[in-house]
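Here are the chains, one letter per residue:
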Amino acid sequence: MNTSNPDAGHSADPKADLVFYLQNARDALLWKLEGLSEYDVRRPLTPTGTNLLGLVKHAAGVELGYFGDTFGRPSGESPPWLEDGAEDNADMWATADESREDIVGLYRRAWAHADATIDTLALDTVGRVPWWPSERNEVTLHHVVVRVIADTHRHAGHADILRELMDGSVGMNKSNDSMAPGDAAWWEEYRSRLERAAQEADRRA
């Protein structure tokens, strides 16, 4: 097993640790777009339409909402897919008129706004999530940061699988693929072993 440096991101400052792991997920999500055509960043690869650029678009909206209006710090961004009356799942795919550059640019601006919120406020600052039920919409900044880290890493994992299905590219980030060493033949044999083990377990069931 190849793991990342256990000391990476370790800091005496809790905010620094949180921002490190949030940025790690952000970078991974964008990295999965590199080298792909406009078609490939948009095309749905699961029965529910999961696609790479849609994941970035969704992540941008998540950061704008949780780190903006939740703490009375509106970003000034007004993506139409976040407005009342927008169609269902409008934040999960990119139309032909929405450019990759615009969506990535919005995501980067969302990062900057989120990072400013994290830097400005104490982790125990209480906010209210506007789209949650009013009787349970109070959250701390600490809770929001952890929630967004979890959400972004989840979607980075989706992106990892989509990219591998598309062209075989894998890896956690540019500097650390977090994969066992092996050439194409090794991986084919490894996959075959897993298939044989699955079939044998099924026969025994």
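The text that follows walks through the structure, step by step, so that each part is easy to find. Since this is a predicted model, take the numbers as computed values, not measurements.

Reading guide: rules and limits
Residues numbered from 1 in each chain as written. Predicted model: local features only at pLDDT ≥ 70, side-chain atom pairs only at ≥ 80, totals over all residues. Heavy atoms only, no water. Salt bridge = Lys/Arg side-chain N within 4 Å of Asp/Glu carboxyl O. Helix = DSSP H or I, 4+ residues; strand = E, 2+ residues; numbered from the N terminus. Buried < 20%, exposed > 50% of the residue type's maximum accessible area, 1.4 Å probe, protein only. Core = buried A, V, L, I, M, F, W, Y, C linked by side-chain atoms within 4.5 Å. Contact = heavy atoms within 4.5 Å. Axes fitted to C-alpha atoms, helices over the stretch in contact; angles between N-to-C directions. Parallel < 35°, antiparallel > 145°, perpendicular 65-115°, else oblique. Left-handed = near helix turned anticlockwise from the far one by under 90°. Nonpolar A, V, L, I, M, F, W, Y, C, P; charged D, E, K, R; others polar. Phe/Tyr/Trp six-rings, centres within 6.5 Å; stacked < 30°, edge-to-face > 60°. Lys NZ or Arg CZ within 6 Å of the ring centre and 35° of its normal.

### Brief notes about the pattern of salt bridges
Enumeration over the complete set of coordinates arrives at twelve salt bridges. Note that arginine 42 and glutamate 38 form a salt bridge whose closest N and O atoms lie 2.4 Å from each other. Here the residue arginine 42 and the residue glutamate 38 both occupy positions in helix α2 (residues 38-42), the gap between them amounting to four residues, near one helical turn. Residue arginine 42 is classed as buried on the basis of its relative accessible area of 18%.

### Some points on the nonpolar core
Formed by 24 residues in total, the largest nonpolar core has its most connected members in Leu29, Leu30, Leu33, Leu52, Leu53, Val56 and Tyr107. Sorting the residues of this core by element identifies α1 (14-31), α3 (52-66), α4 (100-120) and α5 (141-167) as the ones contributing at least two each. Per element, the largest residue contribution to this core is seven residues, and it comes from α3. Excluding residues that lie within four positions of it along the chain, valine 56 makes contacts with Leu29, Leu30, Leu33, Ile103 and Tyr107. Listed in part, the 18 residues of the second largest apolar core include Leu18, Leu22, Leu121 and Val148.

### Quick notes on the packing of α3 against α5
Close contact between α3 and α5 brings their axes to 10 Å; oriented N to C, the two are set at 175°. Considering their axes alone, α3 and α5 lie roughly antiparallel with respect to each other. Side by side, α3 and α5 meet where Leu52, Leu55, His58, Val62, Glu63 and Tyr66 of the first sit next to Val144, Arg147, Val148, Asp151, His155, His158, Ala159, Leu162 and Met166 of the second.

### Regarding the environment of arginine 108
Mapping arginine 108 onto the fold places it in helix α4. Given a relative accessible area of 46%, arginine 108 falls into the partly exposed group. For the pair formed by arginine 108 and glutamate 38, sequence separation is 70 residues and the distance between their alpha carbons is 19 Å.

### Looking at unusual backbone geometry
Even without a glycine there, the phi angle at asparagine 89 is positive, about 65°. Locating asparagine 89 in the fold gives a position in the loop between α3 and α4.

### Observations regarding the packing of α1 against α5
The interhelical angle for the contact between α1 and α5, taken along N-to-C directions, is 25°, at an axis separation of 8 Å. By the criterion of interaxial angle, the relationship of α1 to α5 is roughly parallel. Crossing of α1 against α5: the hand is left-handed. Here Leu18, Tyr21, Leu22, Asn24, Ala25, Arg26, Ala28, Leu29 and Trp31 of α1 come into contact with α5, specifically with His142, Val145, Val146, Val148, Ile149, Thr152, His153, His155, Ala156, Ala159 and Arg163. Of the residues assigned to the contact of α1 with α5, the class counts are 13 nonpolar, five polar and two charged.

### Considerations on the packing of aromatic side chains
All chains considered together, the criterion is met by seven aromatic pairs. For the pair tryptophan 186 and tryptophan 187, a centre-to-centre distance of 4.8 Å together with 85° between the ring planes defines the contact as edge-to-face. Taking the relative accessible area as the measure of exposure, tryptophan 187 reaches 27% and is therefore partly exposed. An angle of 5° between the planes, with centres 5.4 Å apart, marks the rings of tryptophan 186 and tyrosine 190 as stacked. With tryptophan 186 and tyrosine 190 both in helix α6 (residues 184-204), this residue pair falls four residues apart, about one helical turn. Taking the relative accessible area as the measure of exposure, tryptophan 186 reaches 38% and is therefore partly exposed. Through a chain of ring-to-ring contacts, three or more aromatic side chains come together here, namely Tyr66, Trp131 and Trp132. When the ring centre of tryptophan 81 is taken as origin, the NZ or CZ atom of lysine 57, which lies over that ring, is 4.3 Å away.

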